[in-house]
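Summary of the model geometry
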Amino acid sequence: MGVDSVDYDQDGWQDLFVANVDQEMYSLYHNNHDLTFDDMAIPLGIGRLTRLMSGWGVKFFDYDNDGNLDLFLANGHPDDKVENIRRMSSTKEPFLLLHNNGKGFDDVSFRAGPAFKQAFAARGLALGDFDNDGAIDVLVAVNNGAPVLLKNALRAAITGLAYDWW
């Protein structure tokens, strides 16, 4: 499943994000600087968003260049027949874009572009500046489908749109 390690709160210590399978919300482990970690997923607004999802691709990066590390999650249930077992679960799940506001994470997926209004059986992701425009783009691997390339429009302050789907 998806894992990433960054200093999301800029305190000088590496923290850890772990995605899980549905019925187990994702975890954001804050480094306590003493070899222990506290799961901050619920207080930071991530827990309730992810309880029914299965995460494969997880990456922190500053999509809007505000100095805070935001979070991209590519989701999809591993069981292609899960709909027959659990009515609240689906093989295809939406991407999530969580904006780090310095105190927690806000779900901004609803204004991140058309790809965020669809569902995919995502299995991983990679970041890079695909078009060399200085903004980090996202490539998502999809089970039994073509990969999805998301171009970072980086004009969020002007257009309100973070990503265009190519």
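Residues numbered from 1 in each chain as written. Predicted model: local features only at pLDDT ≥ 70, side-chain atom pairs only at ≥ 80, totals over all residues. Heavy atoms only, no water.

1. A few points about the nonpolar core
By size, the foremost hydrophobic cluster in this structure holds 18 residues, and its most contacted members are Phe 17, Leu 28, Ile 46, Phe 60, Leu 71, Leu 73 and Phe 105. Listed by contribution, the elements that provide at least two residues to this core are strand 5 (55-61), strand 6 (70-75) and strand 7 (96-100). Apart from the residues within four sequence positions on either side, Ile 46 is in contact with Phe 17, Leu 28, Ala 41, Leu 71, Leu 98 and Phe 105. Formed by 17 residues, the second largest nonpolar core is a distinct cluster that contains Ala 112, Ala 122, Val 138 and Val 140. (Core = buried A, V, L, I, M, F, W, Y, C linked by side-chain atoms within 4.5 Å. Buried < 20%, exposed > 50% of the residue type's maximum accessible area, 1.4 Å probe, protein only. Helix = DSSP H or I, 4+ residues; strand = E, 2+ residues; numbered from the N terminus. Contact = heavy atoms within 4.5 Å.)

2. Concerning the packing of aromatic side chains
Per the counting criterion, the structure on display carries eight aromatic pairs. The interplanar angle of 80 degrees and the centroid separation of 6.0 Å between the aromatic rings of Phe 17 and Phe 60 together place this pair among those described as edge-to-face. Of this pair, Phe 17 sits in strand 2 (residues 15-18) while Phe 60 is found in strand 5, placing the two residues 43 residues apart along the sequence. You'll find Phe 17 and Phe 60 in the same group, each marked buried. Ring plane angle 75 degrees and centroid distance 5.9 Å describe the contact between Phe 95 and Phe 116, whose orientation is recorded as edge-to-face. Here Phe 95, found in the loop between strand 6 and strand 7, pairs with Phe 116, found in the loop between strand 8 (105-107) and strand 9 (122-128); they are 21 residues apart in sequence, far enough to count as distant. For the pair Phe 95 and Phe 116, one class covers both residues: buried. What links up through ring pairs into an aromatic cluster is the set Tyr 8, Phe 17, Tyr 26, Phe 60 and Phe 105. (Phe/Tyr/Trp six-rings, centres within 6.5 Å; stacked < 30°, edge-to-face > 60°.)

3. Quick word on the sheet that holds strand 7
Strands sit in the order 5-6-7-8 across an open sheet of four strands; the sheet is antiparallel. Only two strands of the sheet have a single neighbouring strand rather than two, namely strand 5 and strand 8. Between one strand and the next, the sheet's axes are offset by a mean angle of 20 degrees, whatever the strand orientation. Bridging between strand 6 and strand 7 involves three bridges; their strand directions are antiparallel. From the neighbouring strand, Leu 71 faces strand 7, where its bridge partner is Leu 98. (Pairing = 2+ DSSP bridges. Axes fitted to C-alpha atoms, helices over the stretch in contact; angles between N-to-C directions.)

4. Overview of the side chain of Ser 27
Tracing the backbone shows Ser 27 in strand 3 (residues 27-31). Side chain to side chain, Ser 27 and Asp 39 meet in a polar contact 3.0 Å long. Apart from residues lying up to four places away in sequence, Ser 27 is in contact with Leu 16, Phe 17, Val 18, Asn 20, Asp 39 and Ala 41. (Polar contact = N/O pair within 3.5 Å; in protein donor to acceptor, adjacent residues only side chain to side chain.)

5. Details of the sheet that holds strand 2
On the basis of which strands lie adjacent, the open sheet formed by four strands has the order 1-2-3-4 and antiparallel pairing. Unpaired on one side and paired on the other, strand 1 (3-6) and strand 4 (37-39) mark the two borders of the sheet. Direction aside, the axes of adjacent strands within the sheet are offset by 20 degrees on average. For strand 1 and strand 2, the ladder comprises four bridges, and the chain directions are antiparallel. Paired with Ser 5 across the bridge in strand 2 is Leu 16.

The analysis is restricted to geometry; functional conclusions fall outside its scope.
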